Amino acid sequence: MDEKLRFGIYDSTAKVVPTFVEKDTNRPYLSYGNDNRFPQYLWDLYLRSALLQSIITGTQNYVLGDGITYNENSTVKKISEYANKDGETLEDIIKKAALDYMIFGGFALQIINNKLGEISEIYWLDFRNVRLNKDGDKAYYSDDWIKHANDYIVYDIFNPDVKQKSSVFYFKGHITRGVYPVPVYSGALHAIETSTEISKFHLNSILNNFSGNFIINFNNGAPSPEVQEEIERKVKAKFGGADNAGKFMISFNDSKENGVSVERIQDDNFDKKYENLRIDTYKEIFIAFRAIPQLFGYDLENVGFNQQEYDSAFKLYNKTTVQPIQRDLQRIFNRIFGISDSISFIPFNLDIKE
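Keep in mind that this is a model prediction, so the values were computed, not measured. (Residues numbered from 1 in each chain as written. Predicted model: local features only at pLDDT ≥ 70, side-chain atom pairs only at ≥ 80, totals over all residues. Heavy atoms only, no water.)

A closer look at the overall build of the protein chain
Each helix and strand in the protein chain was counted, giving eight helices and 13 strands. When the 354 residues of the protein chain are sorted by exposure, 43% land in the buried category. Considering only residue pairs separated by 6 or more positions, the protein chain has 65% of its internal contacts joining residues 24 or more positions apart. About 20,300 Å² of surface is accessible on the protein chain, with carbon and sulfur atoms providing 50% of the total. (Helix = DSSP H or I, 4+ residues; strand = E, 2+ residues; numbered from the N terminus. Buried < 20%, exposed > 50% of the residue type's maximum accessible area, 1.4 Å probe, protein only. Contact = heavy atoms within 4.5 Å. Areas by Shrake-Rupley, 256 points an atom, 1.4 Å probe, with all protein chains shown as cover.)

Here is the structure:
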(Lines give C-alpha, C1' and ligand atoms only; values in the text may rest on other atoms or scores of the structure.)
Protein backbone atom coordinates (compact mmCIF):
# COMPACT_ATOMS: atom_id res chain seq x y z
CA MET A 1 0.00 0.00 0.00
CA ASP A 2 1.39 3.41 -1.00
CA GLU A 3 0.86 5.71 1.96
CA LYS A 4 1.05 9.39 1.06
CA LEU A 5 0.11 10.81 4.46
CA ARG A 6 0.25 9.63 8.04
CA PHE A 7 -2.13 11.20 10.51
CA GLY A 8 -2.73 10.36 14.15
CA ILE A 9 -6.34 9.95 15.25
CA TYR A 10 -7.62 11.64 18.40
CA ASP A 11 -10.39 9.63 20.02
CA SER A 12 -12.50 11.96 22.17
CA THR A 13 -14.73 10.55 24.88
CA ALA A 14 -17.82 12.30 26.19
CA LYS A 15 -17.43 13.71 29.69
CA VAL A 16 -19.94 12.29 32.15
CA VAL A 17 -20.84 14.82 34.83
CA PRO A 18 -22.14 13.19 38.03
CA THR A 19 -25.58 14.24 39.21
CA PHE A 20 -26.91 14.62 42.73
CA VAL A 21 -29.06 11.71 43.85
CA GLU A 22 -29.87 9.89 47.07
CA LYS A 23 -30.20 6.12 46.82
CA ASP A 24 -31.33 3.42 49.18
CA THR A 25 -28.69 0.74 49.68
CA ASN A 26 -28.55 -2.55 51.51
CA ARG A 27 -26.64 -0.68 54.21
CA PRO A 28 -27.95 1.63 56.96
CA TYR A 29 -26.93 4.84 55.18
CA LEU A 30 -28.15 6.45 51.98
CA SER A 31 -25.81 6.59 48.99
CA TYR A 32 -24.67 10.18 48.33
CA GLY A 33 -24.74 10.08 44.52
CA ASN A 34 -24.99 7.02 42.28
CA ASP A 35 -21.56 5.78 43.38
CA ASN A 36 -21.70 7.32 46.88
CA ARG A 37 -18.92 9.72 45.85
CA PHE A 38 -20.77 12.88 44.85
CA PRO A 39 -19.13 15.03 47.57
CA GLN A 40 -15.71 13.72 46.47
CA TYR A 41 -16.54 14.84 42.94
CA LEU A 42 -17.41 18.34 44.19
CA TRP A 43 -14.12 18.51 46.09
CA ASP A 44 -12.13 17.38 43.05
CA LEU A 45 -13.96 19.96 40.91
CA TYR A 46 -13.05 22.66 43.43
CA LEU A 47 -9.38 21.67 43.18
CA ARG A 48 -9.45 21.59 39.35
CA SER A 49 -11.28 24.84 38.67
CA ALA A 50 -9.45 28.11 39.33
CA LEU A 51 -12.69 30.04 38.87
CA LEU A 52 -14.62 27.87 41.32
CA GLN A 53 -11.82 28.23 43.86
CA SER A 54 -11.80 31.99 43.43
CA ILE A 55 -15.54 32.37 44.02
CA ILE A 56 -15.71 29.91 46.92
CA THR A 57 -12.63 31.05 48.85
CA GLY A 58 -13.45 34.68 48.08
CA THR A 59 -16.95 34.24 49.52
CA GLN A 60 -15.49 32.40 52.51
CA ASN A 61 -13.27 35.43 53.20
CA TYR A 62 -16.25 37.78 52.89
CA VAL A 63 -18.23 35.61 55.33
CA LEU A 64 -15.42 35.60 57.91
CA GLY A 65 -15.25 39.38 57.57
CA ASP A 66 -12.71 41.20 59.68
CA GLY A 67 -12.88 38.68 62.50
CA ILE A 68 -15.21 36.88 64.89
CA THR A 69 -16.26 37.91 68.38
CA TYR A 70 -17.58 35.53 71.04
CA ASN A 71 -20.05 35.66 73.88
CA GLU A 72 -18.59 35.93 77.38
CA ASN A 73 -20.34 32.69 78.35
CA SER A 74 -17.73 30.48 80.03
CA THR A 75 -18.20 27.52 77.68
CA VAL A 76 -18.10 29.65 74.54
CA LYS A 77 -15.05 31.53 75.76
CA LYS A 78 -13.23 28.31 76.56
CA ILE A 79 -14.04 26.67 73.21
CA SER A 80 -13.19 29.84 71.29
CA GLU A 81 -9.61 29.63 72.56
CA TYR A 82 -9.25 25.85 72.68
CA ALA A 83 -11.78 23.94 70.59
CA ASN A 84 -10.20 20.49 70.71
CA LYS A 85 -7.12 18.43 71.45
CA ASP A 86 -5.79 19.15 67.96
CA GLY A 87 -5.12 22.68 69.19
CA GLU A 88 -7.72 24.35 66.99
CA THR A 89 -9.63 27.46 67.99
CA LEU A 90 -13.33 27.97 67.32
CA GLU A 91 -12.37 30.35 64.50
CA ASP A 92 -10.44 27.51 62.85
CA ILE A 93 -13.58 25.36 63.00
CA ILE A 94 -15.80 28.14 61.62
CA LYS A 95 -13.40 28.75 58.71
CA LYS A 96 -13.58 25.10 57.68
CA ALA A 97 -17.35 25.00 58.13
CA ALA A 98 -17.75 28.10 55.94
CA LEU A 99 -15.61 26.54 53.21
CA ASP A 100 -17.61 23.30 53.27
CA TYR A 101 -20.83 25.33 53.21
CA MET A 102 -19.73 26.85 49.88
CA ILE A 103 -18.36 23.64 48.33
CA PHE A 104 -20.98 21.12 49.41
CA GLY A 105 -23.91 23.21 50.60
CA GLY A 106 -23.47 21.90 54.15
CA PHE A 107 -20.96 20.86 56.80
CA ALA A 108 -20.55 18.51 59.76
CA LEU A 109 -19.16 18.97 63.27
CA GLN A 110 -18.49 16.48 66.03
CA ILE A 111 -19.66 17.71 69.43
CA ILE A 112 -18.15 16.13 72.55
CA ASN A 113 -19.62 16.74 76.00
CA ASN A 114 -18.11 16.17 79.43
CA LYS A 115 -19.78 14.25 82.26
CA LEU A 116 -21.73 17.34 83.26
CA GLY A 117 -23.25 17.58 79.82
CA GLU A 118 -21.23 20.66 78.89
CA ILE A 119 -19.42 21.01 75.58
CA SER A 120 -15.78 20.13 76.05
CA GLU A 121 -14.61 19.83 72.42
CA ILE A 122 -15.74 20.57 68.86
CA TYR A 123 -14.15 18.94 65.82
CA TRP A 124 -14.66 19.72 62.16
CA LEU A 125 -15.50 16.57 60.20
CA ASP A 126 -14.49 16.06 56.58
CA PHE A 127 -17.84 16.40 54.86
CA ARG A 128 -16.81 14.00 52.08
CA ASN A 129 -16.74 11.20 54.64
CA VAL A 130 -20.10 11.66 56.40
CA ARG A 131 -23.29 9.84 55.43
CA LEU A 132 -26.78 9.80 56.94
CA ASN A 133 -29.57 7.27 57.25
CA LYS A 134 -32.96 7.85 55.67
CA ASP A 135 -34.46 9.32 58.84
CA GLY A 136 -31.53 11.68 59.28
CA ASP A 137 -30.99 10.75 62.93
CA LYS A 138 -27.77 8.74 62.52
CA ALA A 139 -24.45 9.80 60.97
CA TYR A 140 -21.89 7.37 59.57
CA TYR A 141 -18.23 8.27 59.12
CA SER A 142 -15.66 6.44 57.00
CA ASP A 143 -12.29 7.57 55.65
CA ASP A 144 -12.96 5.75 52.38
CA TRP A 145 -16.47 4.73 51.37
CA ILE A 146 -15.27 2.75 48.36
CA LYS A 147 -12.68 0.55 50.05
CA HIS A 148 -14.34 0.39 53.46
CA ALA A 149 -18.08 0.53 52.77
CA ASN A 150 -18.80 -1.59 55.84
CA ASP A 151 -16.16 -0.07 58.10
CA TYR A 152 -17.60 3.10 59.62
CA ILE A 153 -18.26 4.87 62.90
CA VAL A 154 -21.88 5.53 63.90
CA TYR A 155 -22.89 8.76 65.65
CA ASP A 156 -26.16 10.13 66.92
CA ILE A 157 -27.23 13.40 65.34
CA PHE A 158 -26.85 16.32 67.74
CA ASN A 159 -29.86 16.96 69.95
CA PRO A 160 -29.57 19.73 72.56
CA ASP A 161 -32.40 18.20 74.59
CA VAL A 162 -30.64 14.86 75.02
CA LYS A 163 -27.44 14.18 76.95
CA GLN A 164 -24.95 12.85 74.43
CA LYS A 165 -21.30 12.08 75.04
CA SER A 166 -20.48 12.42 71.33
CA SER A 167 -22.73 13.48 68.47
CA VAL A 168 -22.62 15.02 65.02
CA PHE A 169 -24.18 18.30 64.04
CA TYR A 170 -25.04 17.90 60.35
CA PHE A 171 -26.08 21.01 58.43
CA LYS A 172 -27.66 20.25 55.05
CA GLY A 173 -28.37 23.77 53.89
CA HIS A 174 -31.63 24.89 52.37
CA ILE A 175 -31.48 23.52 48.80
CA THR A 176 -32.51 19.94 49.46
CA ARG A 177 -35.54 17.70 49.65
CA GLY A 178 -33.72 14.82 51.30
CA VAL A 179 -30.96 14.30 53.85
CA TYR A 180 -27.99 15.52 51.82
CA PRO A 181 -27.30 19.13 50.75
CA VAL A 182 -27.09 20.51 47.23
CA PRO A 183 -24.54 23.26 46.47
CA VAL A 184 -25.84 26.54 45.07
CA TYR A 185 -23.83 26.03 41.87
CA SER A 186 -25.28 22.59 41.09
CA GLY A 187 -26.93 23.95 37.94
CA ALA A 188 -23.55 25.09 36.62
CA LEU A 189 -21.59 21.84 36.93
CA HIS A 190 -21.40 21.41 33.15
CA ALA A 191 -20.22 25.00 32.78
CA ILE A 192 -17.51 24.48 35.40
CA GLU A 193 -16.35 21.30 33.69
CA THR A 194 -16.32 23.20 30.39
CA SER A 195 -14.15 25.94 31.90
CA THR A 196 -11.58 23.37 33.03
CA GLU A 197 -11.55 21.77 29.56
CA ILE A 198 -10.94 25.19 27.99
CA SER A 199 -7.84 25.54 30.14
CA LYS A 200 -6.69 22.14 28.89
CA PHE A 201 -7.29 23.27 25.31
CA HIS A 202 -5.02 26.28 25.72
CA LEU A 203 -2.35 24.14 27.38
CA ASN A 204 -2.55 21.58 24.59
CA SER A 205 -2.37 24.36 22.02
CA ILE A 206 1.00 25.28 23.46
CA LEU A 207 2.16 21.69 23.73
CA ASN A 208 1.08 20.94 20.14
CA ASN A 209 -1.24 18.10 20.99
CA PHE A 210 -3.98 19.11 18.56
CA SER A 211 -4.14 19.61 14.78
CA GLY A 212 -1.26 21.23 12.91
CA ASN A 213 -0.83 24.80 11.76
CA PHE A 214 1.83 23.90 9.20
CA ILE A 215 2.38 21.02 6.81
CA ILE A 216 5.92 20.18 5.70
CA ASN A 217 6.02 18.35 2.36
CA PHE A 218 8.98 16.10 1.57
CA ASN A 219 8.59 15.77 -2.19
CA ASN A 220 11.33 13.25 -2.94
CA GLY A 221 9.40 10.07 -2.26
CA ALA A 222 8.05 8.30 0.77
CA PRO A 223 10.74 6.60 2.89
CA SER A 224 10.13 3.60 5.09
CA PRO A 225 7.83 4.06 8.13
CA GLU A 226 10.87 3.89 10.41
CA VAL A 227 12.63 6.71 8.55
CA GLN A 228 9.41 8.77 8.52
CA GLU A 229 9.11 8.45 12.30
CA GLU A 230 12.75 9.48 12.77
CA ILE A 231 12.30 12.58 10.58
CA GLU A 232 9.12 13.51 12.43
CA ARG A 233 10.85 13.09 15.79
CA LYS A 234 13.73 15.37 14.78
CA VAL A 235 11.43 18.06 13.39
CA LYS A 236 9.36 17.96 16.59
CA ALA A 237 12.46 18.26 18.73
CA LYS A 238 13.71 21.26 16.78
CA PHE A 239 10.51 23.22 16.20
CA GLY A 240 7.92 22.01 18.72
CA GLY A 241 6.99 23.26 22.19
CA ALA A 242 5.99 26.56 23.79
CA ASP A 243 9.15 28.35 22.68
CA ASN A 244 8.36 27.51 19.04
CA ALA A 245 4.68 28.35 19.07
CA GLY A 246 3.67 26.89 15.70
CA LYS A 247 2.56 23.30 15.19
CA PHE A 248 3.14 21.28 12.06
CA MET A 249 2.19 18.23 10.03
CA ILE A 250 4.52 16.21 7.80
CA SER A 251 3.73 14.84 4.34
CA PHE A 252 5.99 12.52 2.33
CA ASN A 253 5.30 12.83 -1.43
CA ASP A 254 6.62 11.29 -4.63
CA SER A 255 7.30 14.36 -6.72
CA LYS A 256 7.02 18.16 -7.02
CA GLU A 257 10.59 18.61 -8.12
CA ASN A 258 11.95 16.51 -5.24
CA GLY A 259 12.04 19.50 -2.90
CA VAL A 260 10.70 20.31 0.54
CA SER A 261 7.89 22.86 0.83
CA VAL A 262 6.23 24.34 3.89
CA GLU A 263 2.59 25.38 3.70
CA ARG A 264 0.42 27.07 6.33
CA ILE A 265 -2.92 25.42 7.03
CA GLN A 266 -5.67 28.00 7.27
CA ASP A 267 -7.24 27.77 10.74
CA ASP A 268 -10.88 28.31 11.62
CA ASN A 269 -10.24 30.70 14.55
CA PHE A 270 -10.78 27.84 16.95
CA ASP A 271 -8.98 29.73 19.70
CA LYS A 272 -11.42 32.64 19.35
CA LYS A 273 -14.36 30.25 19.48
CA TYR A 274 -12.95 28.84 22.71
CA GLU A 275 -12.54 32.36 24.10
CA ASN A 276 -16.20 33.15 23.39
CA LEU A 277 -17.17 29.85 24.99
CA ARG A 278 -15.05 30.72 28.02
CA ILE A 279 -16.88 34.00 28.52
CA ASP A 280 -20.29 32.33 28.21
CA THR A 281 -19.41 29.55 30.67
CA TYR A 282 -17.91 32.02 33.15
CA LYS A 283 -21.10 34.07 33.03
CA GLU A 284 -23.15 30.95 33.75
CA ILE A 285 -20.98 30.09 36.75
CA PHE A 286 -21.21 33.58 38.21
CA ILE A 287 -24.97 33.56 37.70
CA ALA A 288 -25.22 30.29 39.64
CA PHE A 289 -23.54 31.98 42.60
CA ARG A 290 -25.41 35.27 42.03
CA ALA A 291 -21.91 36.74 42.11
CA ILE A 292 -20.45 39.76 40.34
CA PRO A 293 -17.20 38.82 38.52
CA GLN A 294 -15.21 41.90 39.53
CA LEU A 295 -15.57 40.99 43.21
CA PHE A 296 -13.40 37.94 42.47
CA GLY A 297 -10.81 39.45 40.17
CA TYR A 298 -12.54 38.93 36.80
CA ASP A 299 -13.59 41.51 34.24
CA LEU A 300 -15.33 39.46 31.57
CA GLU A 301 -16.38 42.40 29.43
CA ASN A 302 -13.12 44.36 29.77
CA VAL A 303 -15.06 47.48 30.73
CA GLY A 304 -13.20 48.29 33.92
CA PHE A 305 -14.56 48.70 37.42
CA ASN A 306 -14.25 51.75 39.66
CA GLN A 307 -14.39 51.93 43.45
CA GLN A 308 -17.97 53.14 43.55
CA GLU A 309 -19.14 50.24 41.38
CA TYR A 310 -17.16 47.81 43.53
CA ASP A 311 -18.76 49.18 46.70
CA SER A 312 -22.24 48.83 45.20
CA ALA A 313 -21.49 45.32 43.93
CA PHE A 314 -20.17 44.20 47.31
CA LYS A 315 -23.16 45.63 49.18
CA LEU A 316 -25.49 43.64 46.93
CA TYR A 317 -23.49 40.40 47.24
CA ASN A 318 -23.10 40.95 50.97
CA LYS A 319 -26.86 41.36 51.33
CA THR A 320 -27.92 38.43 49.17
CA THR A 321 -25.20 35.84 49.86
CA VAL A 322 -22.71 36.70 52.60
CA GLN A 323 -25.07 37.78 55.37
CA PRO A 324 -27.43 34.79 54.94
CA ILE A 325 -24.46 32.44 55.39
CA GLN A 326 -23.33 34.39 58.45
CA ARG A 327 -26.82 34.16 59.95
CA ASP A 328 -26.89 30.41 59.34
CA LEU A 329 -23.55 29.98 61.12
CA GLN A 330 -24.70 32.15 64.02
CA ARG A 331 -27.96 30.20 64.43
CA ILE A 332 -26.10 26.90 64.32
CA PHE A 333 -23.59 27.82 67.01
CA ASN A 334 -26.33 29.40 69.10
CA ARG A 335 -28.09 26.03 69.00
CA ILE A 336 -24.91 24.12 69.77
CA PHE A 337 -24.06 26.31 72.77
CA GLY A 338 -27.68 26.79 73.83
CA ILE A 339 -27.45 30.59 74.05
CA SER A 340 -28.13 33.64 71.89
CA ASP A 341 -25.35 35.67 70.27
CA SER A 342 -22.74 32.96 70.80
CA ILE A 343 -20.69 34.31 67.90
CA SER A 344 -20.75 37.51 65.83
CA PHE A 345 -18.97 38.45 62.62
CA ILE A 346 -17.19 41.77 62.29
CA PRO A 347 -18.36 43.13 58.91
CA PHE A 348 -15.88 43.06 56.05
CA ASN A 349 -14.30 46.52 55.73
CA LEU A 350 -13.87 47.79 52.20
CA ASP A 351 -11.48 50.53 53.25
CA ILE A 352 -7.88 49.63 52.47
CA LYS A 353 -5.56 50.81 55.21
CA GLU A 354 -2.03 51.70 54.18
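Some details on the nonpolar core
With 76 residues, the main nonpolar core has Ile122 and Tyr170 as its most contacted residues. Ranked by residues supplied to this core, first place goes to helix H8 (residues 307–337) with eleven residues. (Core = buried A, V, L, I, M, F, W, Y, C linked by side-chain atoms within 4.5 Å.)

Regarding the packing of helix H1 (residues 38–48) against helix H2 (residues 50–64)
For any two helices packed against each other, one specifies the crossing angle of their axes together with the interaxial distance. Following both chains from N to C, one finds H1 and H2 inclined at 100 degrees, their axes separated by 5 Å at the closest point. Here H1 lies roughly perpendicular to H2, going by the angle between them. In this structure, H1 uses Leu45, Tyr46, Leu47 and Arg48 to contact H2, whose residues at the interface are Ala50, Leu52, Gln53, Ile56 and Thr57. Looking at the contact of H1 with H2 residue by residue, the class counts come to six nonpolar, two polar and one charged. (Axes fitted to C-alpha atoms, helices over the stretch in contact; angles between N-to-C directions. Parallel < 35°, antiparallel > 145°, perpendicular 65-115°, else oblique. Nonpolar A, V, L, I, M, F, W, Y, C, P; charged D, E, K, R; others polar.)

Observations regarding unusual backbone geometry
The phi torsion at Asn36 lies on the positive side, around 65 degrees, for a residue other than glycine. Mapped onto the elements of the fold, Asn36 is located in the loop between strand E2 (31–32) and H1. Asn36 sits in the buried class, given a relative accessible area of 7%. Even without glycine at this site, Arg290 takes up a positive phi of about 55 degrees. Looking at where Arg290 falls in the secondary structure, it is placed in the loop between helix H7 (270–289) and H8.

Side note on the sheet that holds strand E5 (residues 119–125)
Within the open sheet, the six strands sit side by side as E5-E4-E9-E8-E7-E6. Their pairing is mixed. Of all strands in the sheet, those with a lone pairing partner are E5 and strand E6 (130–132), marking the two edges. Neighbour to neighbour, the strand axes of the sheet diverge by 35 degrees on average, direction disregarded. Direction of pairing for strand E7 (residues 138–141) relative to strand E8 (residues 153–157): antiparallel, over a ladder of four bridges. Within E8, the residue paired with Ala139 across the bridge is Tyr155. (Pairing = 2+ DSSP bridges.)

Quick word on the pairing of strand E4 (residues 107–113)
With seven of seven residues buried, E4 lies mostly within the body of the structure. Here E4 shows no split at all, with Phe107, Leu109, Ile111 and Asn113 on one side and Ala108, Gln110 and Ile112 on the other all buried. Examined bridge by bridge, E4 and strand E9 (residues 166–171) share six bridges and lie antiparallel to one another. Opposite Ile112, over in E9, you have Ser166 as the bridge partner. When E4 meets E5, the two strands line up antiparallel, connected through six bridges. Pairing of Gln110 across the sheet is with Tyr123, part of E5. The antiparallel pairing of E4 with E5 creates a hairpin that spans five residues between the two strands, and Gly117 there sits at a positive phi of about 85 degrees.

Considering the packing of aromatic side chains
Scanning the entire structure with this criterion turns up 26 aromatic pairs. Residues Tyr29 and Tyr152 carry aromatic rings whose centres are separated by 5.7 Å and whose planes lie at 90 degrees to one another, so their mutual orientation is edge-to-face. You can see Tyr29 sitting in the loop between strand E1 (22–23) and E2 and its partner Tyr152 sitting in the loop between E7 and E8, a full 123 residues away along the chain. Residue Tyr29 is classed as buried on the basis of its relative accessible area, which comes to 3%. (Phe/Tyr/Trp six-rings, centres within 6.5 Å; stacked < 30°, edge-to-face > 60°.)

Thoughts on the side chain of Ser167
Relative to the assigned elements, Ser167 resides in strand E9. Residue classification places Ser167 among the buried residues on the basis of a relative accessible area of 1%. If near-sequence neighbours (up to four positions away) are discounted, Ser167 is found in contact with Leu109, Gln110, Ile111, Asp156, Ile157 and Phe158.

Regarding the environment of Thr194
Residue placement: Thr194 occurs in helix H5 (residues 189–207). On the basis of relative accessibility, which here comes to 27%, the residue Thr194 falls in the partly exposed class. Note: C-alpha distance between Thr194 and Arg278 (84 residues apart in sequence) is 8.0 Å. Not counting the four nearest positions on each side in its chain, Thr194 is found in contact with Leu277 and Thr281. A distance of 2.8 Å separates a polar atom in the side chain of Thr194 from the backbone oxygen of His190. (Polar contact = N/O pair within 3.5 Å; in protein donor to acceptor, adjacent residues only side chain to side chain.)

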